[in-house]
Amino acid sequence: MKKILVSPSLLAADFSRLGEELDRIEAAGADMLHLDVMDGILVPNISFGMPVIASLRKTSRMFFAVHIMIVDPIRYIDALAKAGADGVTFHIEAARDVGAVIDAIKGHGMKAGLTLKPGTPVSDLLPWLPRLDLALVMSVEPGFGVQSFIAGMMDKVSAIRSQSLRAGNPDLIVQVDGGVDRTTATACGAAGADCLVAGSAVFGKADYAAEVTAIRAAAAAGWENR
Ligand code: DX5
Ligand code: ZN
């Protein structure tokens, strides 16, 4: 069966107990941690930044996948590497020179991801697939957790998955972020996503492991039925 990666989003964690939350999420079998860094300009919210990532880096060996919602992202790639990011995903709408940002991320030995808002056509992203480690489809408007999953975004996932095969990048991770839970995960897997971000569906629940396992199983079932 296809191995589906689950990446809990720290945005939904209890910020007064972050170290403990990380321990619990790792023990729950999460594959990587999703860290949403927002600038209040690209998206109408501000979350956390480098000092928080650097502090958490000292307490955890998990893969830190940082989703930056920042205008002109190239300005912060060095600082993210220094803070301990393992991967950085940035918005195509925010970058003046997408290729330069990818090069900067990879230049630090980090994995490069590119994402797009719900209103941005997938055709903007497809030409970049050969150079990416990860493509992220936003299934809500970025900026906030606990929003409803936009099922129509799964067409973008299918387009990215088929284009990644045509473009000779079969190992591309195709990720979905926003409104993912044990129900909507099936549609994500069915469209060809192999990595799911989940915030409110995991953090705050009584049993993190049960949620992570259920999301992974639902997505794997969708994947097998493609
Ligand atoms: C939204 C963030 C998401 C968010 C997801 O801007 O990119 O990662 O935390 O939260 P849920 O899973 O609650 O929709
Ligand atoms: Zn995110």
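Description of the structure in this document.

Reading guide: rules and limits
Residues numbered from 1 in each chain as written. Chains lettered and ligands numbered in written order. Predicted model: local features only at pLDDT ≥ 70, side-chain atom pairs only at ≥ 80, totals over all residues. Heavy atoms only, no water. Pairing = 2+ DSSP bridges. Helix = DSSP H or I, 4+ residues; strand = E, 2+ residues; numbered from the N terminus. Axes fitted to C-alpha atoms, helices over the stretch in contact; angles between N-to-C directions. Contact = heavy atoms within 4.5 Å. Donors = N, O, S within 2.8 Å, 3.2 Å for Na, K, Ca; no water. Tetrahedral: all angles 85-135°; square planar, octahedral: opposite > 155°, others 65-115°.

As a further point, take the sheet that holds strand β8 (residues 195-198). Read across the sheet, 8 strands follow the order β1-β8-β7-β6-β5-β4-β3-β2 without closing on themselves; strand pairing throughout is parallel. Looking at strand neighbours, the two that pair on one side only are β1 (5-8) and β2 (33-38), the edges of this open sheet. Across this sheet, the average inter-strand angle for adjacent strands is 25°, counted without regard to direction. Bridge count between β2 and strand β3 (residues 64-69): 6 bridges; the pairing is parallel. Each bridged residue has a counterpart across the sheet, and for Leu 33 the counterpart in β3 is Phe 64. Contacts from helix α5 (residues 154-166) reach β5 (111-116), β6 (134-138) and β7 (173-177), with the element oriented near 170° to β7.

This part is about the coordination of the zinc ion (ligand 2). Protein-derived ligands of the zinc ion (ligand 2) are His 34 (NE2), Asp 36 (OD), His 67 (ND1) and Asp 177 (OD), with the metal-ligand distances lying across 2.0 to 2.3 Å. Classification of the site at the zinc ion (ligand 2) as octahedral follows from its 6 donor atoms and the range of 70 to 170° in their angles at the metal. Expressed as a motif, the donor residue spacing for the zinc ion (ligand 2) is H-x1-D-x30-H-x109-D. Pair noted here: His 67 is in strand β3 and Asp 177 is in strand β7, with a separation of 110 residues, a long-range link.

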